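Tertiary structure, described
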Amino acid sequence: MAALGWLTPRRRSATARSVLAGEASAEAARKTALADAPPPLAGAPEAAEAEAPEVLEPPAEPEFPVAGDDLAAAFFDLDNTVMQGAAIFHFGRGLYKRAFFQRRELARFAWQQAWFRLAGVEDPEHMQDARDSALSIVKGHKVCELMAIGEEIYDEYMAERIWPGTRALAQAHLDAGQKVWLVTAAPVETATIIARRLGLTGALGTVAESVDGVYTGRLVGEPLHGPAKAEAVRALAAAEGLDLTRCAAYSDSHNDIPMLSLVGHPYAINPDTKLRKHARTNDWRLRDYRTGRKAVKVGVPAAAGVGAIAGGAAAAIALHRRRK
């Protein structure tokens, strides 16, 4: 059983927690993969082949995704890639509106997140303190309670913030008969709700413990961020029998370069400055669905105000791992 492997000290390297978080997320994603994911379109390859003689000019690049390639899948970052803004920000707004936590706790999380974002340094002790504070809010609460709230919050704050362009890219993979997964540092439950609403296969997200449906206040590994995302994709691909060289990944952030570098078809979507530069250097494909003022607004890190508050208050509020 995979969970037993997490209890053994088989890896003591600097990335051990990333590996643990990735494996936990992959297992959770497979358990909650949507049974009603859109099936491959019948006859799609034949239809494309029949219409080929009518094309007057060759495409600028090879047809992608390749219909019927069941060894390929697509992995989409969530925040500012699929959705405008951060999922945990919107989730935090909804929880605060429902008086799930108090103003004093909100202020503490705001300070912790503002310090981290402005300093730009991932100090292990500070980050651990921030995670412990956030997890203390949900310790003892029921998983089903936050899942129900998450459904309501999606309708209130998230549904109208999906980027149509990115959604179309995801649909192209679904239409080609491929699975499509969200990959995000947001709570796996929140990510799964969003994936379900968009008709995607499922989601990889940050996983935390729950025992008998109640949060324990402990994470499994670490938040699914940076290298941990790459480990989650690697673990899921191995479990699903995928060929990563035939898979695609999409993200807006340079933090996801490890994940993007895993696949044969990396895309920079609404990229930040560092990712845009890296993508151009490595001849990766770029898509930007922002224009003018909106592009600037979306691209600025939420270092203050409600953005910082949400980052701290909701980063681990709905995290759990259901243990059976």
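Refer to the structure presented above.
These lines cover the structure that appears in this document, whether it is placed above or below.

Rules and cut-offs
- Residues numbered from 1 in each chain as written.
- Predicted model: local features only at pLDDT ≥ 70, side-chain atom pairs only at ≥ 80, totals over all residues.
- Heavy atoms only, no water.
- Axes fitted to C-alpha atoms, helices over the stretch in contact; angles between N-to-C directions.
- Helix = DSSP H or I, 4+ residues; strand = E, 2+ residues; numbered from the N terminus.
- Parallel < 35°, antiparallel > 145°, perpendicular 65-115°, else oblique.
- Contact = heavy atoms within 4.5 Å.
- Nonpolar A, V, L, I, M, F, W, Y, C, P; charged D, E, K, R; others polar.
- Pairing = 2+ DSSP bridges.
- Buried < 20%, exposed > 50% of the residue type's maximum accessible area, 1.4 Å probe, protein only.
- Bend = angle between axes of the 7 residues up to and from the residue.

Some details on the packing of helix α4 (residues 87–97) against helix α7 (residues 143–158)
Packed helices, taken two at a time, are described by the angle their axes make and the gap between the axes. Close contact between α4 and α7 brings their axes to 9 Å; oriented N to C, the two are set at 110°. Judged by the angle between their axes, α4 and α7 are roughly perpendicular. Contacts between α4 and α7 involve A87, H90, F91, R93, G94, L95 and K97 from the first element and L146, I149, G150, I153, E156, Y157 and M158 from the second. In terms of residue class, the contact of α4 with α7 is built from eight nonpolar, three polar and three charged.

Observations concerning the sheet that holds strand β8 (residues 285–287)
Read from one edge of the open sheet, six strands run β3-β2-β1-β6-β7-β8, paired in parallel fashion. Each edge of the open sheet carries a strand with a single partner, namely β3 (202–206) and β8. Taken pair by pair, the neighbouring strands of this sheet meet at an average axis angle of 20°, ignoring direction. Where strand β2 (residues 179–187) lies against β3, four bridges are found, and the strand directions are parallel. Residue pairing for β3: W181 is matched across the bridge by G202.

A word on helix α9 (residues 188–198)
The element α9 is extensively covered by neighbouring structure, given that nine of its 11 residues are classed as buried. Within α9, burial applies to V188, E189, T190, A191, T192, I193, I194, A195 and L198. G199 sits one or two positions beyond α9 and adopts a positive phi of about 75°.

Let's talk about α7
Along α7, the helix axis deviates most sharply at E152, where the bend reaches about 25°. Three or more residues of α7 are buried, namely V143, L146, I149, G150, I153, Y154, Y157 and M158.

Observations concerning unusual backbone geometry
With a phi close to 65°, N80 is a non-glycine residue in the positive phi region. Structurally, the position occupied by N80 is in the loop between β1 (73–77) and α4.

Re the pairing of β1
Burial within β1 is extensive, with five of its five residues counted as buried. By the alternation rule, side chains of β1 split into A73, F75 and D77 and A74 and F76, which are all buried. Relative to β2, β1 is paired through five bridges, and the arrangement is parallel. Across the sheet, residue F76 finds its bridge partner in β2, namely L182.

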